[in-house]
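What follows is each chain in one-letter form.
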Amino acid sequence: MNACTRDGEGGSPTAVVIDDATLTDDDRHAIARRTGTSHTAFIDTSTADAPMVRFFTSAGELTNCGHGTIAAQAVLLHRSGATEHHGSLRTAGRTFATTAIRRHNGIEVWFDQGVIALADYADATAGDIIAALDLQRADIAADVRVASPGTPRLLVPVRDHLTLLSMQPDFDRLATECRRLGYLGCFTYALSPTARTAAARMFAPAIGVNEDIANANSVGCLAAHLLDTSGNGEIEIHQGDTLRRPSSIFASATCTGSGIVARIGGAVDLGPPIDLRAPKPSSQLPWR
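Rules used in this analysis
Residues numbered from 1 in each chain as written. Predicted model: local features only at pLDDT ≥ 70, side-chain atom pairs only at ≥ 80, totals over all residues. Heavy atoms only, no water. Helix = DSSP H or I, 4+ residues; strand = E, 2+ residues; numbered from the N terminus. Contact = heavy atoms within 4.5 Å. Buried < 20%, exposed > 50% of the residue type's maximum accessible area, 1.4 Å probe, protein only. Core = buried A, V, L, I, M, F, W, Y, C linked by side-chain atoms within 4.5 Å. Salt bridge = Lys/Arg side-chain N within 4 Å of Asp/Glu carboxyl O. Lys, Arg positive; Asp, Glu negative; His and termini not counted. Polar contact = N/O pair within 3.5 Å; in protein donor to acceptor, adjacent residues only side chain to side chain. Arc of directions from axis to C-beta.

### Here's the deal with the side chain of E177
Right, so step 1: Positionally, E177 belongs in helix α5 (residues 171-181).
Right, so step 2: Those residues within four positions of E177 in sequence are excluded, and the remaining contacts are D128 and I129.

### Notes on the environment of M1
Right, so step 1: Following the sequence through the fold, M1 ends up in the segment before β1 (2-3).
Right, so step 2: Judged by relative accessible area, M1 falls into the buried class, the value being 14%.
Right, so step 3: Along the primary structure M1 and G11 are separated by ten residues, whereas in three dimensions their C-alpha atoms are 8.6 Å apart.

### Let's talk about the nonpolar core
Right, so step 1: In terms of nonpolar packing, the biggest core is built from 52 residues, with I70, F187, I235 and I237 touching the most fellow members.
Right, so step 2: A total of eight residues in this core trace back to one element, the largest contributor, which is helix α6 (residues 216-230).
Right, so step 3: Other than its neighbours up to four places away in sequence, I235 contacts L191, A195, R196, T197, A198, V219, A223, L226, I249, F250 and A251.

### Here we look at the pattern of salt bridges
Pairing between side chains of opposite charge can happen when the charged atoms of each approach one another.
Right, so step 1: Throughout the structure, instances matching the rule amount to 13 salt bridges.
Right, so step 2: Across the pair R54 and D25 runs a salt bridge, and its minimum N-O distance is 3.1 Å. One end of the pair, R54, is in strand β5 (residues 52-56); the other, D25, is in helix α1 (residues 25-35), and 29 residues separate them in sequence.
Right, so step 3: On the basis of relative accessibility, which here comes to 33%, the residue D25 falls in the partly exposed class.
Right, so step 4: Note that D139 and R159 form a salt bridge whose closest N and O atoms lie 3.3 Å from each other. On the criterion of sequence distance, the pair formed by D139 in the loop between α3 (126-132) and β11 (145-148) and R159 in the loop between β12 (153-157) and α4 (161-166) is long-range, its members being 20 residues apart.
Right, so step 5: On the accessibility criterion, D139 (11% relative accessible area) is buried.

### With respect to the environment of C65
Right, so step 1: Along the chain, C65 falls in the loop between β6 (61-62) and α2 (66-80).
Right, so step 2: The class of C65 is buried, set by a relative accessible area of 5%.

### Overview of the side chain of D212
Right, so step 1: Relative to the assigned elements, D212 resides in strand β15 (residues 209-212).
Right, so step 2: For D212, which is buried and forms no salt bridge, the nearest opposite charge comes from R153, at a distance of 8.0 Å.
Right, so step 3: Within the structure, D212 has its side chain in polar contact with the side chain of N215 (distance 3.1 Å).
Right, so step 4: Setting aside its immediate chain neighbours within four residues, D212 contacts S38, H39, H67, M202, Q239 and L243.

### Structural notes on α5
Right, so step 1: Among the residues of α5, L174, A175, E177, C178 and L181 are the ones counted as buried. End-on, the buried residues of α5 take up no more than an arc of 165°, which puts them together on one face. The exposed set on the far side of α5, more than 90 degrees from its buried face, consists of D172 and R179.
Right, so step 2: Looking one or two residues beyond α5, the residue adopting positive phi is G182, at roughly 80°.

### Notes on the environment of T91
Right, so step 1: Tracing the backbone through its elements, the reader meets T91 in strand β7 (residues 84-91).
Right, so step 2: In this structure, the C-alpha to C-alpha distance between T91 and C65, residues 26 residues apart in sequence, is 9.3 Å.
Right, so step 3: Side-chain polar atoms of T91 contact the backbone oxygen of V53, separated by 3.0 Å.

Structure representation (structure tokens):
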């Protein structure tokens, strides 16, 4: 299916599998490679109150995945036959609230991201990761920050949309730097003049995804950063344009007694089911 579509088009191709207790993690890795998508979500529905979701890329398992969460909840609503569902999902030891609603152009999903930790980026070799992104110091519009909803990543503001679109990172070097520093990847963005919308690109070669079409968790992180620095925690992010897969993700951050939390939303266009047991070349998968 396509998660986080924009005006009913594009979105991030995401595979969702109703998990089988007989599957091993090696099987799940193989399925993630087979589907041809950047991320695959596996849903264990044996606990109906809060289904457990695990996420795999071709490189390994992730503790969480924002657009995968959105896709998984859309599948659960679709399977139930209901028009709306308010429930919860579990992943990596955390249970969080979800909402899914059928719309005329797909399924709208929201989920609570939880507390987002923010820190200043002060690594002594900061220039190495900026250079790996194909950026100069003059291209950086404001302070770079580390944000973590569980896994840290860099938020990198660039001076304008053209700078964002023209970036050609050195993915091998970027993967090395992100692994060395313990980052999932780098979320680069250019705010609009009103700061209510932004264009963004997410680079995560360290986990096997050179550029992500839609990175919902990073959008929640950006909303938390904007709330912390400007008092405005509402944002709509456009991603995927450089990959010809336009996506939109919405986030709203608020302050709580536990810290800054975010709520993230996106639309899902359900594709046809596929039989992963039958031989099928990747070029024949429905999103190719």
